[in-house]
Amino acid sequence: MQNYQMLIDGQWVDSCSTATLESINPYTGQVWAKIPRAQIEDADAAVRAAHQALKRGPWGRLTAGARSMHLRKLGDLITSNAETLARTEVQDNGKLYAEMRAQVNAVAQMAYFFAGLADKIEGSVPPPDRAGMLTYTRREPVGVVVCIVPWNSPLALLASKAFPALAAGCTLVVKPSEHASASSLEFGRLLELAGFPPGVVNIVTGLGAEIGEALVSHPLVAKIAFTGGESSGQRVNELAARDFKGVTMELGGKSPNIVFDDASLEDAVNGAVAGIFGAAGQTCIAGSRLLVQANIHDELVARLIAVAKVARMGDPNLAETQIGPIATKPQYQKILEYIQIAKDEGANCVLGGRASKELGGLFIEPTIFTGINNDMRIAREEVFGPVLSIIKFRDEAEALSIANDTVYGLAAGVWTQNMGRAFRVVNALEAGTVWVNTYRALGVHMPFGGVKRSGLGRENGIEAIEGYLHTKSVWLNY
Ligand code: NAD
C-alpha cells in the first residue's frame, strides 16, 4: 500500500484533518494507495504559497531563460522516470502500459516545447500617437493558476496546463481527480528534483465539491484551467465568473467520424476502432458516432465487427493487451446503463453489449450499435466508454447535418479519397480538431480544444501560452 502526501509550499504534508481517500486499481479491484482528502484550510495554504512564490519568492524574479531551463530539466526527469510515471497511472486508472509509455514521452516533449517558448514571450512598441511619449507593452503572467485535472489522462492533462503556465511565469495549485491522483503526486517529486522553488507548484488532492470549489473561489487565484465533465465545468465556470477570473475549459464530446463510400475501408475501420476502443473509449475525443454512407454500411459494419471482436482485453500491464479496464466503478456502471438505454431505445447491438465478468476487474466488451438515429440518447450524450453508435447517411449534406447536430464540438474525423470533399467537410464541421484519413493523432505543436459545449480556449500549440499572460500597456512621457 502506497501512502501519498500532498505538496504544499515545498513540503510533503497530510490533510490538516488527516482524512484520506482510497485509490482502487481497476484491474485488481484492490485499494493500492491512499491519498490525502484535503480540506479548505489546505486549499487556502496552497493558494497562499503559490501567491507568495509569485510575489515574493524567487520565481517571479527569474529570467525567462531560467524558467526555460527549469522546464528543460523537468523534461529530462520525466524521461528518466518514465517507467515509474507510466506504471503509476496503469495502477491508478487502468490505462494500457504501452500507451502510457508513449504518453510519458509526449509529456516530456511538451516540457521541451514550452521551455522553448518561455524566453520568446515578447511585448511590443507601437508607434506613439504624440511627441514625447514612449508607448510599449509588457506580457506578464496572469498570476496564480488552479489546474483541475480529470482521471482519464491525469499526467498529460496536468502537463498541458502546467507547462505553458510555468513558461509564462505563473505559479500553480494542481487539483488532480480524486479517482487518480497518484501520477500527479509522482510528478511533484520531479519538480523538487528539477529545482522548482517551494510554492511554485502545489498539489492538493481531494474532492471537487470540497476543495475544488474552494480553490476556484479563492480570491488570490487569477485563472482556472479545467478539464473534466460538462456539469462540473459549468459549476467551475459559474464560480469563476463571479470574480471575473479567466478560464480554460476542456470538456466532453460526442465526436462524429464520417466514412464516405470512396474511403479506404481498411483504414477507416482501423481508425474507427482506434477512435472508440482506444483507452476503452474513455477519451474526450472518442469517435463515438460513426457516420457511414448507406451504400457501404453493411460491408463496413461487417469489417468493424471482425476487427473489434478479436481485440484483446485484459491486464493493462501486458504488451499484447489492446483494451484495458474501465477506470472507476461509477464510470463502469454509467457505461452499462447507457448500453441498456440504447437497447431500450431500439438500437441493434451487433457486438458486445455486456460486462466481461470472466476477466475480473471492470471490463466492458467493445460494443457496437447499428440502427441508430441521431435523436437517440446514445447518439447525443457522452458515454465515455467502448460503445460505438453507427448512423447511416445518404450524401455529404446529410452527413454534415448529422455531424453538426450535437451540442458538442471537440473533434471529428473524415474518411475519403476525394480531397475536394475533404476540404469542404473540414471547413463545415463544427469542431476544434478535424482528422482526415486518420483519427486520434495529437501533438503538442497543435492547438487542442473545443467549440460549443466542448470548451473554451486552447491547450497545446504556441497559442496555449496566451491563456496565461496578460498585456500591460505602458505610457512613458519623456
Ligand atoms: P469531472 O468533471 O467529474 O472531474 C474533473 C475534475 O474536476 C476532478 O479533479 C474533480 O475533482 C473536479 N471537480 C468536480 N467538480 C468540481 C467542482 N464543483 N469544483 C471544482 N472542481 C471540481 O470529470 P472526470 O469524470 O474526472 O473526467 C471525465 C470528463 O472529462 C469527460 O466528460 C471528458 O470528456 C472530459 N475530458 C475532456 C478532455 C478535453 O481535453 N476536452 C480531456 C479529458 C477528459
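The model shown is predicted, which means the values in this text are computed figures rather than measured ones. (Residues numbered from 1 in each chain as written. Predicted model: local features only at pLDDT ≥ 70, side-chain atom pairs only at ≥ 80, totals over all residues.)

### Side note on the UniProt feature "domain: Aldehyde dehydrogenase" (unreviewed entry) in the protein
UniProt marks residues 12-474 with the feature "domain: Aldehyde dehydrogenase" (unreviewed entry), using the numbering shown here. Strand forms 19% of residues 12-474 and helix 39%; the C-alpha atoms that close the span are 41 Å apart. (UniProt positions renumbered as here; feature names shortened; annotations may be inferred. Helix = DSSP H or I, 4+ residues; strand = E, 2+ residues; numbered from the N terminus.)

### Some words on the site of the ligand
Of all residues adjacent to the ligand, which total 32 residues, the nearest are Pro150, Gly208, Gly212, Gly228 and Glu250. Listed by contribution, the elements that provide at least two residues to the shell around the ligand are helix H7 (208-217) and helix H8 (230-242). Broken down by element, the residue count for the shell around the ligand peaks at five residues, all from H7. The residue makeup of the shell around the ligand, split by class, is 13 nonpolar, 13 polar and six charged. (Near = placed C-beta within 6 Å. Nonpolar A, V, L, I, M, F, W, Y, C, P; charged D, E, K, R; others polar.)

### Description of the sheet that holds strand S14 (residues 348-351)
Sheet architecture is open: seven strands sit in the order S14-S15-S16-S13-S12-S17-S18, paired in mixed fashion. Pairing within the sheet leaves two strands with one partner each, and these edge strands are S14 and strand S18 (433-436). Averaged over all neighbouring strand pairs, the angle between strand axes comes to 25°, with direction disregarded. In the sheet, strand S12 (residues 256-259) pairs with strand S13 (residues 289-293) via four bridges, with the strands oriented parallel. Counted as the bridge partner of Val259 is Val292 from S13. In this fold helix H9 (residues 265-277) packs onto S12, S13, strand S16 (387-393) and strand S17 (411-415), with an angle of close to 165° to the strand it touches most, S17. Each of S12, S13, S16 and S17 is contacted by helix H13 (residues 396-404), which is oriented at about 145° to S16, the strand it contacts most. (Pairing = 2+ DSSP bridges. Axes fitted to C-alpha atoms, helices over the stretch in contact; angles between N-to-C directions. Contact = placed C-beta atoms within 7 Å.)

### Comments concerning the nonpolar core
Membership of the largest hydrophobic core comes to 142 residues, with the highest contact counts inside it found for Ala111, Cys147, Ala162, Leu172, Val173 and Val259. Apart from the residues within four sequence positions on either side, Ala162 is in contact with Cys147, Leu172, Val174 and Val201. (Core = buried A, V, L, I, M, F, W, Y, C linked by C-beta atoms within 7 Å. Buried ≥ 20, exposed ≤ 12 C-beta atoms within 10 Å, placed from the backbone.)

### Focus on the UniProt feature "active site" (unreviewed entry) in the protein
If you check UniProt for "active site" (unreviewed entry), the listed places come out as Glu250 in our numbering. Beyond its immediate stretch of four places on either side in the chain, Glu250 contacts Phe226, Thr227, Cys284, Gly449, Gly450, Gly455 and Glu459.

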